[in-house]
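Given next are the chains, with one letter for each unit.
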Amino acid sequence: MRKISSWPIAHDYLVNTRGLDPALIDPLHDRGLIYANNHRPNPSLVFLHRTTEGKIEGATLRDTRHESTFRPCLKTARLILGAIRRSILRVFSLCVKLFLKA
């Protein structure tokens, strides 16, 4: 999962640009909780979202170009589909109510 070749760039960004302590960053990377994707020349940092049981349920990306506002938050397909299904049910329920009023 982790892209080791991109990690030095991401590590440098976190430590030297953002001023974070390597004693915090290195253990997170070693445990696979943060890593860098393979985008070049500027990889994005990937921060995994995990449940209390350790299951990955999403991720947040952060571009290593300091001026960038690229910060998408990704969730698993199951969570996204659940949200879509709830939205469809709300719209359907509203349509039924409007139909019954007519």
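Please read these numbers as outputs of a predicted model, since none were measured by experiment.

K.L.:
Tell me what's going on with the overall build of the protein, and back it up with residues and numbers.
P.N.:
Per the secondary structure count, the protein includes three helices and four strands. Its helices and strands in sequence order give the protein the pattern α-α-β-β-β-β-α, from N to C terminus. Of all 102 residues assigned to the protein, the portion counted as buried reaches 27%. Taking the contacts inside the protein whose residues are at least 6 apart along the sequence as the reference set, 34% of them involve residues at least 24 apart. For the protein, the accessible area works out to roughly 7,300 Å², and carbon and sulfur atoms hold 62% of it.

K.L.:
Give a description of the environment of serine 5 that names residues and reports values.
P.N.:
Structurally, serine 5 can be placed in the segment before helix H1 (7-17). Put simply, serine 5 and asparagine 38 are 33 residues apart on the chain and 7.8 Å apart in space, counted from C-alpha to C-alpha.

K.L.:
Please provide a residue-by-residue account of the side chain of serine 6, values included.
P.N.:
Within the element layout of this structure, serine 6 appears in the segment before H1. Apart from the residues within four sequence positions on either side, serine 6 is in contact with Ala36, Asn37, Asn38, Arg40 and Pro43.

K.L.:
How would you explain the nonpolar core if you had to name every residue and give the values?
P.N.:
Core analysis: the largest hydrophobic core is formed by eight residues, namely Trp7, Ala10, Tyr13, Leu14, Ile25, Ile34, Ala36 and Leu45. Those elements that provide at least two residues to this core are H1 and strand E1 (34-36). With four residues, the top contributor of residues to this core is H1. Tyr35, Val46, Ala59 and Leu61 belong to the second-largest nonpolar core, a separate cluster that totals five residues.

K.L.:
Quick rundown of a nonpolar patch on the surface? Include the residues and the values.
P.N.:
The grouping of Val96, Phe99 and Leu100 at the surface amounts to a nonpolar patch, some 350 Å² of accessible area in total. Tracing the backbone through its elements, the reader meets valine 96 in helix H3 (residues 77-101). Using a relative accessible area of 33% as the deciding quantity, one classes valine 96 as partly exposed.

Parameters at a glance
Residues numbered from 1 in each chain as written. Predicted model: local features only at pLDDT ≥ 70, side-chain atom pairs only at ≥ 80, totals over all residues. Heavy atoms only, no water. Helix = DSSP H or I, 4+ residues; strand = E, 2+ residues; numbered from the N terminus. Buried < 20%, exposed > 50% of the residue type's maximum accessible area, 1.4 Å probe, protein only. Contact = heavy atoms within 4.5 Å. Areas by Shrake-Rupley, 256 points an atom, 1.4 Å probe, with all protein chains shown as cover. Core = buried A, V, L, I, M, F, W, Y, C linked by side-chain atoms within 4.5 Å. Patch = residues over 30% accessible without salt bridge, like charges linked within 9 Å, V, L, I, M, F, W, Y side chains within 5 Å. Salt bridge = Lys/Arg side-chain N within 4 Å of Asp/Glu carboxyl O.

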